[in-house]
Amino acid sequence: MRLAHDRVWVRVPASSANLGPGYDSFGLALAMYDEVEVAATADPDVQVQVHGEGAGAVPTDAAHLVAHTILQTLETLGASRTGLRLRCTNTIPHGRGLGSSASAVVAGILAVRGMLAEPQLLDDSVVMELATGYEGHPDNVAPTVFGGLTLAWLPGPHAVRLELHRDVVPVVAVPPTRLDTATARQVLPPQVPHAAAAAQAARAALLVEALGRRPDLLFEATTDLLHQEQRRSVMPDSMALVDALRRRGVPAVVSGAGPTVLAFGTRRVLDAEAVMHDVFGGVLGGWAITELAPDTTGGVVERL
């Protein structure tokens with residue numbers, strides 16, 4: 001395995017997983033991006049510059065997630081280890097349920113693709129497999145790799161892109177507080193009632209129709225019975241916002257493991273951003289409300 005290019009640029013989108021009832025399976029890529037410039041060097045050291053989100057908080061050596069993923073992927077492929085210089089410009093918030101770790105992992109793998117003499121060895125299916133192995137689940141990985149609205153499942157991993165109606169308008173409310181995904185998973189019960197599982201399956205199926213062809217069904221389709229209420233104790237403010245939005249008829253859910261809240265507006269019918277501001281009563285308390293277009297390209301890499 002040979003590296004033919006020593007400088008690449010990578011861009012990866014944010015993503016929202018679950019979308020309510022699609023626990024660990026549905027994902028949506030969002031037009032909020034992290035960018036990474038990577039240079040392979042003869043010097044064995046790893047140096048990382050971070051600008052934006054995570055600056056001053058994340059490692060700046062080989063423990064940095066993008067750098068660690070690059071080195072791990074090179075080892076997996078049997079390529080020679082190299083020194084690295086990374087410049088990361090981040091806008092995806094960390095620990096907020098917008099797929100920052102999946103984005104970092106995919107960015108690292110795509111960087112290796114750009115450096116390889118035979119980039120086809122890391123086609124999208126291999127990127128999906130490696131990234132899911134590193135991350136542990138495919139829900140954020142799939143939209144980060146493929147863009148758009150995705151459905152992913154195990155074993156595999158496998159993923160397909162789904163149709164997303166042009167009138168669907170995602171809006172996120174990002175809180176100032178973080179929530180570790182492991183903490184959010186620890187509060188989930190080991191078993192769920194059969195009736196809840198059956199109802200969840202129906203809502204997940206309805207979500208495909210609502211997002212693709214019938215946005216008027218989004219409120220019912222975003223009903224969740226398996227993970228959001230069970231996590232209320234670790235993100236009470238997020239669940240209070242979800243409750244307030246849904247009382248006003250807004251299809252609102254927790255984004256991924258939280259604590260960001262994702263709401264779906266529909267053009268000419270429901271302005272979810274306006275309703276969010278109305279719920280906050282003009283006092284956001286550190287929350288950032290942003291309408292984000294869906295990303296349709298997924299991760300991209302260019303040789304410099």
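On a predicted model such as this, the values are computed, not experimentally measured, just so you know.

Draft legend 1. Up close: the packing of helix α2 (residues 100-115) against helix α3 (residues 124-135). Their axes nearest at 10 Å, the elements α2 and α3 cross at an angle of 135 degrees. In terms of axis orientation, α2 runs oblique to α3. Every pair of crossing elements has a handedness; the one defined by α2 and α3 is right-handed. Contact residues: α2 offers Ser101, Ala102, Val105, Val106, Ile109, Leu110 and Arg113, while α3 offers Asp124, Val127, Leu130, Ala131, Tyr134 and Glu135. In the contact of α2 with α3, the residues fall into 9 nonpolar, 1 polar and 3 charged.

Draft legend 2. Local environment of the side chain of Thr150. Structurally, Thr150 can be placed in strand β5 (residues 149-153). A relative accessible area of 0% places Thr150 in the buried class. Non-local contacts of Thr150, meaning those with residues more than four positions away in its chain, are made with Ser25, Phe26, Gly27, Ala142, Pro143, Val160, Arg161 and Leu162.

Draft legend 3. Examining the pattern of salt bridges more closely. All told, the structure shown has 9 salt bridges when counted by the stated rule. We note a salt bridge from Asp24 to Arg185, for which the minimum N-O separation is 2.8 Å. With Asp24 in strand β2 (residues 22-41) and Arg185 in helix α5 (residues 181-186), this pair connects stretches of sequence that are 161 residues apart. For Asp24, a relative accessible area of 21% gives the class partly exposed. The partner of Arg213 in a salt bridge is Glu209, and the shortest N-O contact between them spans 3.0 Å. A single salt-bridge network, built from bridges that share partners, covers Glu229, Arg232 and Asp243.

Draft legend 4. Looking closely at the nonpolar core. If you look at the biggest cluster of nonpolar residues, it comprises 39 residues, and the most contacted ones within it are Val38, Ile70, Leu84, Leu86, Val106, Val112 and Leu122. Elements represented by at least two residues in this core include exactly β1 (7-18), β2, β3 (46-52), α1 (65-77), β4 (83-90), α2, α3 and α4 (141-146). The greatest single-element share of this core, amounting to 10 residues, is contributed by α2. Setting aside its immediate chain neighbours within four residues, Leu84 contacts Val38, Ala39, Ala40, Thr41, Asp43, Asp45, Val46, Gln47, Ala67, Ile70 and Leu71. Of all hydrophobic cores here, the second largest spans 24 residues; its members include Met32, Val168, Phe264 and Leu292.

Draft legend 5. Region of interest: the side chain of Thr82. Structurally, Thr82 is set in the loop between α1 and β4. The exposure class assigned to Thr82 is buried, which follows from its relative accessible area of 10%. Here Thr41 takes part through its backbone oxygen, which lies 3.0 Å from a polar atom of the side chain of Thr82. Other than its neighbours up to four places away in sequence, Thr82 contacts Leu3, Ala40, Thr41, Leu71 and Leu74.

Draft legend 6. Fine view of the layout of surface pockets. Reported here for the largest pocket is a volume of approximately 700 Å³. Along the wall of the largest pocket there are 40 residues; nearest its centre are Leu65, Gly95, Gly99, Ser100 and Ser101. Looking at the lining of the largest pocket element by element, the count peaks at 5 residues for α2. In terms of residue class, the lining of the largest pocket is made up of 16 nonpolar, 15 polar and 9 charged. In this structure, the second largest pocket encloses a volume near 160 Å³.

Draft legend 7. Seen up close, the sheet that holds strand β8 (residues 252-254). Spatially, β8-β9-β7-β10 is the arrangement adopted by the 4 strands of the open sheet, whose pairing is antiparallel. What marks the edges here is a single partner per strand, and that holds for β8 and β10 (288-291). Taken over all neighbouring pairs, the strand axes of this sheet differ in orientation by 25 degrees on average, direction set aside. Bridge count between strand β7 (residues 168-174) and β10: 4 bridges; the pairing is antiparallel. Counterpart to Val171 in the pairing with β10 is Glu291.

Draft legend 8. A look at the packing of aromatic side chains. If you walk through the whole model with that rule in mind, you get 1 aromatic pair. With a centroid separation of 5.7 Å and an interplanar angle of 50 degrees, the aromatic rings of Phe280 and Trp287 are classed as tilted. Residues Phe280 and Trp287 agree in their burial class; the two are buried. Above the face of the Tyr33 ring, Arg11 is positioned so that its terminal group lies 3.9 Å from the ring centre. The cationic tip of Arg246 hangs over the ring face of Phe219; the distance from NZ or CZ to the ring centre is 4.2 Å.

Definitions and limits used
- Residues numbered from 1 in each chain as written.
- Predicted model: local features only at pLDDT ≥ 70, side-chain atom pairs only at ≥ 80, totals over all residues.
- Heavy atoms only, no water.
- Axes fitted to C-alpha atoms, helices over the stretch in contact; angles between N-to-C directions.
- Helix = DSSP H or I, 4+ residues; strand = E, 2+ residues; numbered from the N terminus.
- Parallel < 35°, antiparallel > 145°, perpendicular 65-115°, else oblique.
- Left-handed = near helix turned anticlockwise from the far one by under 90°.
- Contact = heavy atoms within 4.5 Å.
- Nonpolar A, V, L, I, M, F, W, Y, C, P; charged D, E, K, R; others polar.
- Buried < 20%, exposed > 50% of the residue type's maximum accessible area, 1.4 Å probe, protein only.
- Salt bridge = Lys/Arg side-chain N within 4 Å of Asp/Glu carboxyl O.
- Core = buried A, V, L, I, M, F, W, Y, C linked by side-chain atoms within 4.5 Å.
- Polar contact = N/O pair within 3.5 Å; in protein donor to acceptor, adjacent residues only side chain to side chain.
- 1 Å grid on protein atoms, 1.4 Å probe; cavity = no way out; pocket = protein on both sides within 12 Å on 5 of 7 lines; lining within 4 Å.
- Points joined across faces, edges and corners; volume = space filled by probe spheres on them.
- Pairing = 2+ DSSP bridges.
- Phe/Tyr/Trp six-rings, centres within 6.5 Å; stacked < 30°, edge-to-face > 60°.
- Lys NZ or Arg CZ within 6 Å of the ring centre and 35° of its normal.

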